[in-house]
Structures are given as structure tokens and as C-alpha cells.
Amino acid sequence: MPGPDKETDLTERLEAFLSDLKRGGSGTGPLRSSAETARETTALLRRITAQARWSSAGDLMEIIRKEGRRMTAAQPSETTVGNMIRRVLKIVREEYARSRGSSEEADQQESLHKMLTSGGLSEENFRQHFAPLRANVIEAINELLTELGNLEPAVRLSVRLTSSATASFLKEGTTDNIAMQALEHIHSNEVIMTIGRSRTVEAFLKNAGRKRKFHVIVAECAPFCQGHEMATNLSKDGIETTVITDAAIFAVMSRVNKVIIGTQTVLANGGLRAVNGTHTLALAAKHHSTPLIVCAPMFKLSPQFPNEEDTFHKFVSPHEVLPFTEGEILSKVNVHCPVFDYVPPELITLFISNIGGHAPSYIYRLMSELYHPEDHEL
Amino acid sequence: MAARGGKQSRSGLSGRKGAGEQDEEEPPLQAVLVADSFNRRFFPITKDQPRALLPLGNAAMIDYTLEFLTSTGVQETFVFCCWMASNIKEHLLKSKWCRPTSPNTVHIITSDLYRSLGDVLRDVDAKSLVRSDFVLVYGDVVSNIDVSQALQEHRQRRKMEKNISVMTMMFKESSPGHRSRCEEDDVIVAVDSKSQQILHYQKTQGLKKMQFPMNIFHCGTDEFEIRHDLLDCHISICSPQVAELFTDNFDYQTRDDFVRGILVNEEILGNQIHMHATKDGYGARVSNLLMYDSVSSDFVRRWVYPLTPESNFTDREGQICTYSRHNVYRGSGVSLGHGSQMEENVFIDRDTSIGANCSISNSVIGNNCTIGDHVVLDHAYIWNDVHIASNVVISQSVVCDKVQVKQGVTLNKQCVLAYNVVIGPNISLPEGTVVSMHHPEEEEEDDEDEFLSDDAQVDQGKDKTKQKVFNPAEVGAEGKGYIWRASSLDDTEEEELSHCLWGLVLKPDPESDSEDSEPDGPDDPVIPSPEMDDVKVFQMEVLGTLQRGLEENIGCDNLVLEINSLKYAYNITLKEVMQILTKVVLEYPFQQQGPQLTPSQYVKLLLPLLKKWAPVFKNYVKRAQDHLDCLSAFEEHFLEQESHWTAMVKVLMNMYELEILEEEMILRWFSQGATNDQSKQLRKNQGLQKFIQWLEEAEESSEEDGE
């Protein structure tokens, strides 16, 4: 049984995670990638499942929701956290249904009729007690973790596979799954444009660079200029790289064959919430009819719609735009430093996720496979 | 895989990321937070609430400091409170810092006896609270600087040269004229550009000319910088030695004393101070209301990110607010009337309602406030539960909790309405008005024990306020409160005070400045500003030492010890010591009683003192030259005090009898010393002539006896 120290340990970890989230992305702490955040969230939820006191699936879901609300409130711009919570809730639902013996298939392929009369499985039904539920849920979360992290892809959405079945064809986590597809999209002597630094895109390009020769143009993405770091990393790998200012995006676009970008969040309508300047880039690409490819692992898919919340935007310290050392002028002007841009789905050609390529119009389908409709609101 | 494993073990060990690997070997980082300012800049507001708890951006200032410490990796914080300690304690116990899950353990230490930073650090040393390097910070610092780099440099330095560097001061680069630069804290620092060692540290205090001691240019560094682009964050990384040094030098009151002391004594004690100038991050101390204004507006403009209004870093329930364009923050339950505009940089906390056709810009409004129609607020800082009626104009002013502003009131710039004041209707307060429920005179009376617990005084004060009538011409027909007016009081201190509230130094007078940076307890020795020359400083220190010795009945041995250490501290020659000591002792009665003493009174006062301090003199006056030095100081003193020549002989006689001076030397002085007319005049004094004659005879007779 979970002792009292275990429980304090859990709350301590939770608090530490929360305060880390709050301070996240400020430059005061190490910037973590969203993959890391996803992993940490899931690991934390697994701990909660293992150590919290609950007797039925309903209780567990209540606990997860409660903690989930706190976690998402801590840093609303970090949608990955909410996504992982929804994934775990979905797992709990499925494990419960399986224990009850209802067929998974029926649950998964919800008919239009069933979607209309939504709420088929209402909360009362989760009250039944099953002894092996805890173990089953933990095992399922473990699988989710392996999908996110290392070793196996485990990408058969919500279908439980024995681990041996998938072990063969891919080696590592979501980023590598995406990178593996690079050769299908990048051809020799192409000119690729990207903006800022995305770990996924970096891996994607590097993977292609091993076999093919192509040219990458990196928009520096002021004021943080993560593009510089991206360019350095790529050129270290022997990829021909050019850095341009954000203002030059349109001018250079006519020479570009493909635009490949990363994103912070994929929204429910197939749009993006991506680093500042991406909208400009997408518009320029559209004007020149250059295909725009978005590399985004599945955990970035969020059931959130644009303008749904006030927390859509994130503004950080204006230090990078106008340094604090400027002196007198600071009291006379207002300086803003937004971090994100919204990119509408019309501007996007293709999503590459860890399970393959999708059109923006297909996002809704993925969404319904990943998350249970009742969990959209935590 | 390896990276992940490493990460997990790290977070498992310390419970938090960002603490860095070196924490695994280093002991946990500690901090000393001084939740008291030891000055009265925020008077009369601080009469009701200590400064650390005053709201800035709708959160208590101490919460910002604790959040800064926690996010920078501090795991144990000692909070020292003095003024209204119980309030601070209560606040902290309720806050998230005292929850068992907090990564930063907060210990609260209270005492009424702390009168300065020096007292606090001496207590740190006495209780041996710190085990290794610690962060020293005030309870009113707002910052998001990551000190880990500075800390690493500090530790490196200490590892390289054992215990040489005692302190690393954090500075933020910002050019002169920046609104967040506090004029009083404006410093010029001379620093070795390679090692970042501070060579000279001086507050500018509005001076036009700076003086740098020559020796800093000869200390063998290839390159050094003189910097005036630094903002003192009042964050310092100290080694445990700092506390010890404060104990050893009990005259250190403030950090400036300490820095000055270390720099002056560098060659003797071998300690050094370094600095770390950071470009990133934000750090400022709210040391007066002008700083309050600029830090608040920096906070609302998100310079302190991730400490922003909507982040709810204090973790209180229901504290959620939304952020929209032009830096407008709205708490839950805020209602805005028809036609009202929140123009820019506005933060309104929960459950506040605003009437129609208001215009609000650059302001912070607390919770549960009601604001009427047609109100114009600009740079207004309105705290909680304030009621503002219609047609009110407020610009750059602070309105404290539970204030009522009636219809048609105009608050011009830099007004302060302290707790529970009522103003109006239809009145315009001139610029710089301070209104408080406490009467200024009542304040003067309990001036001296301001640091003591307040409850008794406030009750007492209330009785008085009943007797005194509010002046309707000043605060309006329905007004309640007393004006604290600078000009109506002749007391210079009061005048200073009201300017200090907004941090305006009207006359760049170094003397007055150095005074008000002091805690104004009556028996604290006045610590001179750095511009005074060492001899003068030394003289004042000796005076202070003797005074204390008399009050606390300190033995002469200890006095000698203290004077000796002062001698080294200010680099004083033995000759000067002699002269100054003599001078100080002879002037002592005047110092205490004023210059109108009659000679007989003077002698009466001085003789017991001489008797008491005779051992001190004997310790110094040994060689022949010493006697002459002493006598020349004696002569100098009486030359200035012609009216007291009659007392001169008695004093000299007494000194002779106490065996401070030898007869031979007195005779020698008498025969040789005269150099100008006045001293010749002095020697013609009858009494002196007689005394000398007597001495000569005595000598002859003793010689005869010897033969």
C-alpha cells in the first residue's frame, strides 16, 4: 500500500513540476523540449495512478482531472501537458471498458449516431470495481511512454499490441519516427526553407542530409534568433545552410522548393500555433505556391480551437526586443514580445507525424482517435 | 537513454531541475532574507504594515523575493523580521512557502533588537545558521535573475584562492537615466576587468566630482573599468565569512559599511569583493515610492517574466487573471462600465467594479475596489477595498487599503493616501501631499521607538486623534486624516522624509543623504559619508567608542583594543592617534553639554573622565615624543577655548597627578613649544606660570633628594 512518505514524495514531485512549468521558457531555467514535457507529464500521471488512493475508474479519472487542471493552469501555453492528460484519461476509459468486457471495436469506431447521442458511457458506469484495473492502466501508460520516449513506436492508436509485435520496424521515439520519413520528402538539390529551431525539423533534415545533398535556408526568427543555433547545428552535420533575416523571407521564397517547419501545437481545426514569424512564412509560401510541410509528433495535437482561450498567446519579457540597458527611452514606449503565431489550416500542405503524413483536413479524425470527446474540457 | 537516466536521478535527488549538477556535491544553497528596511522611506504607510508586505502588482513584495530565491535554486531561506514581525510571520505561514511540499524551506526569525543589516548578520553568525555560501537579499527585491552563474564564479574564486573573495555583488547593466535606477543607490564602481574584483565603490549621491584613491591605479592590474552603467540589485552572494566579519566589526551597520570596510582594509585583511554584472533578467529594490512606481510598471510590462500578473506565482486560490492586448490584465469578477477604457498597462484584480466612462492607464488596482463614473486614473496604485466616487482624477499616486475618495477629488502627482483615509468631496490635493490617519506630531513623539511593537502606540495614538480635529480645508468636508506636509514642519528630518517617500533628493547634499540612510536611533554613531577624510572619520569613531565605553562601562583594555583596530582601519599614525585622543577627551564635556559650560563646570566634568581613561592614555603616551604630541594637542585645544584658560592648569595638573604626563616633558613643552603669538600668550597665563614654577621647584627638590 502507498505509505505516507510515498504520497508526500508524489506531491513534492508534482509541485516541483508545476513550478518548473511556471518558470518554463523564461531563460532562467533550462528550456525543455515539448517531448520532454510530454514524457514527464505521463510519468507523473503514471505515478499518480500507482500511488493515489482510488477504487474505481471514476475516482481515478477525477484525480487525474483535478491534477490535470492544475498542471494546465500552471502554463497554459504548454498544450502538451493537457494533451497527455487527455491521452491518459482515454486509456483509463478503454481499460475500464475492456475490464467490463465490452468490445473495443464498438467503442472505437463510434458511429455517427453514437456521436450525436454522445455520453453513451456516462460517469456512473465507471463506479464498478475491478482488481486488475490499476495494473492494466499502468501497463498502458507504460506503452504510451515508450511511444513518446524510446525504443518502440507503439503507434497503433489505442489498439493494444503485445510489445514484441512492433519492436522490429522502428528503433526510437517520435522524433526519430518523423525523421525516418525524411527521404520521402526531401530530394537532391532541393532548396528547403525553415524558421527558428525545432528539434524535430533538425532531426528530419539531418536524417535526409545523410543520404542527399540539399540546401537549407534558415530564417533567424528574431528576437530570440533560435535560427542561428539551428544553422550551426545543421552546418556541423555538413548540410549547406544559409541564414536570412525574417524580413527577407518573402524575397527568398521564390527560390525555395519546400518549406519545412515545426510547431508548438497543432490545433483542432488543423491550424498551428507556432513560433512567431511562421504566419509570414506560410503566407509567403502560399503566394509562391511552395508546399508547406509541418513536422509535428502526435502529442502536439490538441483539441483546442484558436481564439478559444485568452491564454492562446504568450508574451515574454521585452528584453530581447529592446534591451533593458536602453535607458530613458524605455519609459516612453511600450514594448511587446509575443512568442507565438497562428497559422490557419488553409496555408498548410501536409502534416508529418510519427504515424505518417496527413492533410490538415484529416486532423479532426486523428483527434477523435486520440482523445475521448468528453475529455476535451478537462 | 543515458541522458534520460541522468535526468531522472537528478530530479529524484534534489526534487527539482535547474539546481544544476554541482548541487550534488555542494551543500544546499541558503539565503538570508532581511524583511526589514531599517529605514522609514515608506512612512507613514509602513506604520500600519511592514514594507515587505506592501502590495506590488497585487502581491506582497516578499513573495517576489521568495519566488526569486526559489527559482534560482535556494533550498533554505532564513527570513529575518523586526518591524511588525508578527504580520510577516502570519503572511508567510499562510503562503505557499510554508507548505510541506515547498522546495524552499523557510525559517522565520524575529527579534525586536535588529536595528540594521549588521545586527541581522551578527545574529546569523551567533546562531551559525549558514553552512556555506549564501544569498543575501532584502525583502523588497523584485528579480528574476538567475544567480547560478554568479554563484559558480563565486565558488570558483573561493576554490582558487581560499577565502579571499568574501562577496559577489549582483549588478544589472542599465544606462544612466533609466527609470528603474534609484538615484540614491546610484554607484560608481571601479573594477578589475579581468577578475571582476571591485577596487573602489562609491555612491554618487548627486555629486559632480568623484575622487578615486590613487592606489587602485597602482595595484598591478593591466586593465580596469570605471562603471556608471550599473543598477544595484541588492542581491549579493556571500561566503559565511561575511557574517563573521560583521561580528568582528560591530560598527558595520549596512552593506555599504561592509563594502567600504573591506575595500579599505583589503591590504590588511586580504579580503576582496567581486561583482557580477548581468545583462539578462531583471532585478531592482523597491527602496522608495518612485522605485515602487517604476518596478510596478516594469512588472505590468512583463519585464520580470515569468513573474507576470497572470502567472499567479503566489499560488493563491481564485487569483487567476486573464491577459489581453496592450498589457491589460483582468482578474475574475471584474466589471467595467459602459464607455470605460483600459488603455494600456492596467492590472485590475478580482471583484473590482469600475463605473462608466472611466479612463485607466498605467495603473494597478487591487481587489474589491469600487470606482465610480468619469474617473481618470494614470499611474495610480490603488490597493485593496478602496472606494473611489465619481469624477475623480488620480495621477501618479498611491492609495492604500480601505481609503475612500469622495466625489470630485483630484490627486495631483505623488500623493499618498495611507490606510483608512477619507478624502473629499470636491478638493484638489497639491503635488506631493501625504495623508495619514496618524498625526504627524504623534509620530514625532514615538519617533524613538519606532522599531518596537506598534499595537500599544496605535491605541495611544487613537486617543489623541479623537482630541485633534481633521482640517476640512485640507482633506475636504467629510475627510478624515492628517496631512503630513513637508513645509509646515521646521524639522529638517521631516522635510527629508516626505521627499524620501518619492525618493527625490532635492539638494544633492551628501551629508543629509548619508544621514537618512541610517536608522535614526538616537544613540547610533553617525557614520560619516565616504567623502570625509580618514582622520576626521577616525576622530568620530574614537568619540563614539569612548561614548559607548562610558555608557556600557567597557574596560579600558577593551577601549585600547578598539582604538587600535580603528587606527588600522583608517590608517592613522600613532602621532595622530595621540593628538586625536587628547582632543576628543578634552572636548568631550563640550560635546555632551554644549559649548556654554563655565570653566569650573568643565573641570568638574572632565576630571572624573580623565581619571577613568588614564589607563588609555598611559597605553599610548610612552615615549618622550608622545608626551609632546599629547601636550601640543592639549595646547591646540585650549588655544581654541580662550575662555577656559583658567581650567587649563587644573586639567594639566590632573594629568600630571594621574601620571599621564611627566613633569620633565611638561617643562620641555613649556620652554620650547611656543611658536606663535597666541601660544606665547598662553604660556604667560598666570596659573600656568605658577604650575610650572611649582614643577620646577619640585624637580629641583627631587634632584636634591636624589643626590
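Calculation rules
Residues numbered from 1 in each chain as written. Chains lettered and ligands numbered in written order. Predicted model: local features only at pLDDT ≥ 70, side-chain atom pairs only at ≥ 80, totals over all residues. Heavy atoms only, no water. Helix = DSSP H or I, 4+ residues; strand = E, 2+ residues; numbered from the N terminus. Buried < 20%, exposed > 50% of the residue type's maximum accessible area, 1.4 Å probe, protein only. Contact = heavy atoms within 4.5 Å. Areas by Shrake-Rupley, 256 points an atom, 1.4 Å probe, with all protein chains shown as cover. Core = buried A, V, L, I, M, F, W, Y, C linked by side-chain atoms within 4.5 Å. Phe/Tyr/Trp six-rings, centres within 6.5 Å; stacked < 30°, edge-to-face > 60°. Pairing = 2+ DSSP bridges. Axes fitted to C-alpha atoms, helices over the stretch in contact; angles between N-to-C directions. Patch = residues over 30% accessible without salt bridge, like charges linked within 9 Å, V, L, I, M, F, W, Y side chains within 5 Å. Salt bridge = Lys/Arg side-chain N within 4 Å of Asp/Glu carboxyl O. Domains from an automatic or database assignment. Polar contact = N/O pair within 3.5 Å; in protein donor to acceptor, adjacent residues only side chain to side chain. Buried area = accessible area lost by both parts, 1.4 Å probe. Nonpolar A, V, L, I, M, F, W, Y, C, P; charged D, E, K, R; others polar. Expected span 1.5 Å × (residues − 1). Bend = angle between axes of the 7 residues up to and from the residue. pLDDT = per-residue confidence, 0-100.

1. A short note on the overall build of chain A
Argument step 1. Along its length, chain A carries 15 helices and 10 strands.
Argument step 2. Taken over 378 residues, chain A has a buried fraction of 52%.
Argument step 3. Sequence-distant contacts, at least 24 apart, represent 78% of the contacts inside chain A between residues at least 6 apart.
Argument step 4. Total accessible area on chain A is roughly 16400 Å²; 52% of this is exposed by carbon and sulfur atoms.

2. Overview of the overall build of chain B
Argument step 1. Assigned secondary structure in chain B consists of 23 helices and 33 strands.
Argument step 2. Evaluated residue by residue, chain B yields a buried proportion of 57% over its 707 residues.
Argument step 3. A separation of at least 24 residues holds for 60% of the contacts in chain B among residues at least 6 apart in sequence.
Argument step 4. Approximately 29900 Å² of chain B is accessible, and the part contributed by carbon and sulfur atoms is 48%.

3. Remarks on the nonpolar core
Residue and element names in this part refer to chain B.
Argument step 1. Residues I62 and F258 are the most contacted members of the largest nonpolar core, which totals 70 residues.
Argument step 2. Once you skip the residues sitting within four places of it in the chain, I62 turns out to touch L33, A35, A52, L53, V79, I88, H91, L92 and G139.
Argument step 3. Ranked by size, the runner-up nonpolar core spans 60 residues in total, among them C630, L639, A647 and L661.

4. Brief notes about the packing of aromatic side chains
Argument step 1. Taken as a whole and assessed by the stated rule, the structure comprises 20 aromatic pairs over all chains.
Argument step 2. Taken together, a centroid distance of 5.0 Å and an interplanar angle of 55° make the contact between B:Y64 and B:F313 tilted. Residue B:Y64 is located in helix α2 (residues 61-71), and its partner B:F313 is located in the loop between α9 (289-300) and β15 (321-324); the two are separated by 249 residues in the primary sequence. Grouping residues by exposure puts B:Y64 and B:F313 together as buried.
Argument step 3. Each ring, one from B:F691 and one from B:W694, has its centre 6.1 Å from the other, and the planes form 25°; the classification is stacked. Of this pair, B:F691 and B:W694 both sit in helix α23 (residues 686-706), 3 residues apart, roughly one helical turn.
Argument step 4. Taken together, the aromatic side chains of A:F315, B:Y323, B:Y329 and B:F347 make up a single cluster linked through ring pairs.

5. Description of the sheet that holds strand β27 (residues 404-405) of chain B
Residue and element names in this part refer to chain B.
Argument step 1. With parallel pairing, 6 strands are arranged side by side in an open sheet as β17-β20-β23-β25-β27-β30. Of all strands in the sheet, those bounded by a partner on one side alone are β17 (335-336) and β30 (422-423).
Argument step 2. Here β27 pairs with β30 via 2 bridges, running parallel. In the strand pairing of β30, Q404 is matched with V422.

6. Describing unusual backbone geometry
What is expected of a backbone is that most residues other than glycine have negative phi and most peptide bonds are trans.
Argument step 1. Cis geometry is adopted by the peptide bond preceding A:P223, which originates at A:A222 and carries an omega value of 0°.
Argument step 2. Here the bond from B:Y305 into B:P306 is cis, since omega is 5°, no more than 30 degrees from zero.
Argument step 3. When you line up the elements, B:P306 lands in the loop between α9 and β15.
Argument step 4. The backbone phi angle of B:D351 is positive, close to 55°, even though this residue is not glycine.

7. Quick word on the sheet that holds strand β8 (residues 165-173) of chain B
Residue and element names in this part refer to chain B.
Argument step 1. The 7 strands lie next to each other as β5-β4-β1-β6-β12-β8-β13, forming an open sheet whose pairing is mixed. Every other strand in the sheet has two partners, leaving β5 (105-110) and β13 (272-278) as the edge strands with one partner each. Averaged over all pairs of adjacent strands, the angle between strand axes in this sheet comes to 25°, irrespective of strand direction.
Argument step 2. The pairing of strand β1 (residues 30-34) with strand β4 (residues 76-81) spans 5 bridges and is parallel. Note that in β4 the partner of V34 across the bridge is F80.
Argument step 3. In the packing of helix α7 (residues 255-264) onto the sheet, the strands contacted are β8, β12 (230-238) and β13, and the crossing angle to β8 comes to about 120°.

8. Things to note about a nonpolar patch on the surface
Residue and element names in this part refer to chain B.
Argument step 1. Together, M214, F217 and I226 line one region of the surface with nonpolar side chains, adding up to about 270 Å² of accessible area.
Argument step 2. Mapped onto the elements of the fold, I226 is located in strand β11 (residues 224-227).
Argument step 3. Residue I226 is classed as partly exposed on the basis of its relative accessible area, which comes to 41%.

9. Here's the deal with the domain arrangement of chain A
Residue and element names in this part refer to chain A.
Argument step 1. As far as domains go, chain A holds domain 1 (4-105 + 128-151) and domain 2 (174-375).
Argument step 2. Once you take the C-alpha centre of each, domain 1 and domain 2 turn out to be 28 Å apart.
Argument step 3. Each partner contributes to the interface: domain 1 provides 22 residues, whereas domain 2 provides 22 residues.
Argument step 4. Here domain 1 is connected to domain 2 by 3 salt bridges.
Argument step 5. Between D375 and R65 there is a salt bridge, and its shortest N-O distance comes to 3.6 Å.
Argument step 6. Connecting domain 1 to domain 2 are 8 residue pairs in polar contact (both at pLDDT 80 or more).

10. Notes on the interface of chain A and chain B
Argument step 1. Listed per partner, the contact involves 38 residues of chain A and 43 residues of chain B.
Argument step 2. At the boundary of chain A with chain B, total buried surface from both sides reaches about 3500 Å², with 52% on carbon and sulfur atoms.
Argument step 3. When the buried area of chain A at its contact with chain B is split by residue, A:K22, A:R23 and A:F324 rank highest and sum to 21% of it.
Argument step 4. The interface formed by chain A and chain B contains 0 salt bridges.
Argument step 5. At the junction of chain A with chain B, the criterion picks out 7 residue pairs in polar contact (both at pLDDT 80 or more).

11. Considering the pairing of strand β9 (residues 187-192) of chain B
Residue and element names in this part refer to chain B.
Argument step 1. β9 sits mainly inside the fold: 6 of its 6 residues count as buried.
Argument step 2. Along β9, one buried face is formed by V187, V189 and V191 and the opposite face, lined by I188, A190 and D192, is buried too.
Argument step 3. Here β9 folds back onto strand β10 (residues 198-203), and the loop between the two strands holds 5 residues, one of which, Q196, carries a positive phi near 60°.
Argument step 4. Sheet topology note: the β9/β11 ladder contains 4 bridges and is antiparallel. Directly across from A190, in β11, lies its bridge partner I226.

12. Here we look at the environment of A:P318
Argument step 1. With respect to the helices, strands and loops of the structure, A:P318 is situated in the loop between β7 (292-295) and β8 (340-343).
Argument step 2. Considering only alpha carbons, one finds A:P318 and A:V335, 17 residues apart in sequence, at a separation of 5.8 Å.
Argument step 3. If we skip the residues at most four places from it in the chain, A:P318 touches A:V335, A:C337, B:R301, B:R302 and B:W303.

13. A short note on the pairing of β12(B)
All names here are of chain B.
Argument step 1. Counting buried residues in β12 gives 9 out of 9 residues, a clear majority hidden from the surface.
Argument step 2. Neither face of β12 is open: one carries L230, D232, H234, S236 and C238, the other L231, C233, I235 and I237, and all of them are buried.
Argument step 3. In this sheet, β12 lies alongside strand β6 (residues 134-138) in antiparallel orientation, the contact comprising 4 bridges. Its bridge partner lying in β12, L136 is registered against S236.
Argument step 4. Bridge count between β8 and β12: 6 bridges; the pairing is antiparallel. Residue pairing for β12: M167 is matched across the bridge by C238.

14. Structural notes on the side chain of A:N354
Argument step 1. Secondary-structure assignment places A:N354 in the loop between β9 (350-353) and β10 (356-358).
Argument step 2. Since its relative accessible area comes to 6%, A:N354 is described here as buried.

15. A look at the domain arrangement of chain B
All names here are of chain B.
Argument step 1. Entries for chain B in the domain assignment read domain 1 (30-206 + 213-285), domain 2 (317-436) and domain 3 (534-705).
Argument step 2. The C-alpha-based centres of domain 1 and domain 3 are spaced at 44 Å.
Argument step 3. At the junction of the two partners, domain 1 supplies 5 residues and domain 3 supplies 5 residues.
Argument step 4. For domain 1, the biggest contributors to the area lost against domain 3 are F250, D251 and I268; these three give 73% of the whole.
Argument step 5. At the boundary of domain 1 with domain 3, the tally comes to 0 salt bridges.
Argument step 6. Taken together, the connections running from domain 1 to domain 3 amount to 0 residue pairs in polar contact (both at pLDDT 80 or more).
Argument step 7. Grouping the constituent residues of the side of domain 1 that touches domain 3 by class yields 3 nonpolar, 1 polar and 1 charged.

16. A look at helix α17 (residues 574-593) of chain B
All names here are of chain B.
Argument step 1. Along its 20 residues, α17 runs 29 Å from first to last C-alpha, staying within 8% of the 28 Å computed at 1.5 Å per residue.
Argument step 2. Of all the bends in α17, the greatest, near 45°, is centred on E587, and the proline P589 appears no more than four residues after it.
Argument step 3. Looking only at α17, the buried set comprises V577, M578, I580, L581, T582, V584, V585, L586, E587, Y588, P589 and F590.
Argument step 4. Where α17 is buried, its residues touch α15 (534-552), α16 (556-569), α18 (599-620), α19 (624-640) and α20 (645-657).
Argument step 5. After α17 finishes, the residue G594 shows a positive phi value of roughly 95°.

17. As for the confidence of the model for chain B
Residue and element names in this part refer to chain B.
Argument step 1. A residue-level look at chain B finds 83% of positions with pLDDT of 70 or above and a mean pLDDT of 78.
Argument step 2. Low pLDDT, under 50, characterises residues 445-467; the predicted model gives this stretch 27 contacts beyond four residues in sequence or across chains.
Argument step 3. Throughout residues 487-499 the model reports pLDDT below 50, and contacts reaching past four residues in sequence, or to other chains, amount to 16 contacts.
Argument step 4. Confidence metrics for the complex model read pTM 0.73 and ipTM 0.82.

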